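Observations on the three-dimensional arrangement
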Amino acid sequence: MELPDFMSYANKFSQSDFVEKISSIAKRAGAKLVYAAFILYYTLQSDKVSTTNKAMIIGALGYMISPLDVIPDAIPIAGLTDDLAVLLFVLKKVWTDIDPDIQTKAKEKLAKWFDEDEIEEINELFKAE
C-alpha cells in the first residue's frame, strides 16, 4: 500500500477531535490502531520530541481524524487500514523519541475499551522489527 500525503492533514488535528474520534471508533478499529494512536498522541505532548517529528505526528493524527482519506472510515474493515498504515509509518519514524512511560500510559488507556485478550494483540505490532 502506498501511503497518502498524510502531512496535508495536519490542520485536521485537534485534541478534542482526537478524543472524540478514538471514542467513536475504538472497538471497531481494534487495539493495535488505538494503541498506535495513543502512543503518538502522548509522544506529541513530550518536550523531548523534535519539531519535525511533532509535525509528522500531527499529520498522522489529523489523517486519522479526518473523514476524508484514501479509504473512507465508513467502509467496514478496510476503512481503517489506511489509518493504521499511516500511524505505524510515523510510529517507526519517531520511535527513538518514544519514552517507555508513554508506551505504558498508552497500554493502560486501552483498558477502557478492550479486554486483556484484545490488548495482547498490540504485542504483534513490534514483532517484525
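Residues numbered from 1 in each chain as written. Predicted model: local features only at pLDDT ≥ 70, side-chain atom pairs only at ≥ 80, totals over all residues. Heavy atoms only, no water.

1. Focus: the packing of aromatic side chains
We apply this condition: Note on aromatic contacts: the rings of Phe and Tyr and the six-membered ring of Trp form a pair at centre separations within 6.5 Å, being stacked when their planes are under 30 degrees apart, edge-to-face when over 60 apart, and tilted otherwise. A run of H or I in DSSP becomes a helix once it reaches four residues, and a run of E becomes a strand once it reaches two; helices and strands are each numbered from the N terminus. Each residue gets one of three labels from its accessible area relative to the maximum for its type: buried under 20%, exposed over 50%, partly exposed in between, using a 1.4 Å probe on protein chains only.
Summed over all chains, the structure comprises six aromatic pairs. For the ring pair Y9 and Y63, a centre distance of 4.8 Å and an interplane angle of 85° mean the geometry is edge-to-face. With Y9 in the segment before α1 (15–29) and Y63 in helix α3 (residues 51–65), this pair connects stretches of sequence that are 54 residues apart. Taken individually, Y9 and Y63 each receive the classification buried, so the pair is uniform in this respect. A centroid spacing of 4.4 Å and a plane angle of 10° characterise the contact between F18 and Y41, whose relative ring orientation is stacked. In this pair, F18 sits in helix α1 while Y41 sits in helix α2 (residues 31–44), placing the two residues 23 residues apart along the sequence. Residue F18 is classed as buried on the basis of its relative accessible area of 1%. On the accessibility criterion, Y41 (7% relative accessible area) is buried. Taken together through their ring pairs, the aromatic side chains of F18, F38, Y41, Y42 and W113 make up a single cluster.

2. Some thoughts on helix α4 (residues 81–93)
Formally: Multiplying one less than the number of residues by 1.5 Å gives the expected span of a helix. Whether two residues are in contact is decided by their heavy atoms, any of which lying within 4.5 Å being enough.
Taking 1.5 Å per residue as the helical rise, α4 with its 13 residues ought to reach 18 Å, and the 18 Å between its terminal C-alpha atoms agrees with that figure. Inspection of α4 places D82, D83, V86, L87, V90 and L91 among the buried residues, and these make up the whole buried set. Buried residues belonging to α4 abut α2 and α3.

3. Let's talk about the nonpolar core
Here is the rule: Residues enter a nonpolar core if they are buried and are Ala, Val, Leu, Ile, Met, Phe, Trp, Tyr or Cys, with the set joined through side-chain atoms within 4.5 Å.
With 41 residues, the main nonpolar core has F18, F38, L61 and L87 as its most contacted residues. Listing elements by their share of this core, those giving two or more residues are α1, α2, α3, α4 and α5 (100–110). Broken down by element, the residue count for this core peaks at twelve residues, all from α2. Apart from residues lying up to four places away in sequence, L87 is in contact with L33, A36, A37, L40, A60, L61 and M64.

4. Observations concerning the environment of Y9
Y9 gets classed as buried once you look at its relative accessible area, which sits at 17%. Each C-alpha atom of the pair Y9 and Y63 lies 5.2 Å from the other, and the pair is 54 residues apart in sequence.

5. What to know about the packing of α2 against α5
For clarity, the threshold we go by: What counts as an axis is a line fitted to C-alpha atoms, over the stretch in contact for a helix, and the angles between N-to-C directions run from 0 to 180 degrees. Here the angle decides the label: under 35 degrees means roughly parallel, over 145 means roughly antiparallel, 65 to 115 means roughly perpendicular, and every other value means oblique. Two helices that cross are described as forming a left-handed crossing if the nearer one is turned anticlockwise from the farther one by less than a right angle, and a right-handed crossing if clockwise. Throughout this entry, Asp, Glu, Lys and Arg are counted as charged residues, while Ala, Val, Leu, Ile, Met, Phe, Trp, Tyr, Cys and Pro are counted as nonpolar. The remaining residues, Gly among them, count as polar.
The N-to-C vectors of α2 and α5 enclose an angle of 135°; their axes lie 9 Å apart at closest approach. Our classification of the angle between α2 and α5 gives oblique. Taken as a pair, α2 and α5 cross one another with a handedness that is right-handed. Listed contacts from α5 to A31, V34, Y35, F38, I39, Y42 and T43 of α2 are I102, Q103, K105, A106, K107, K109 and L110. In terms of residue class, the contact of α2 with α5 is built from nine nonpolar, two polar and three charged.

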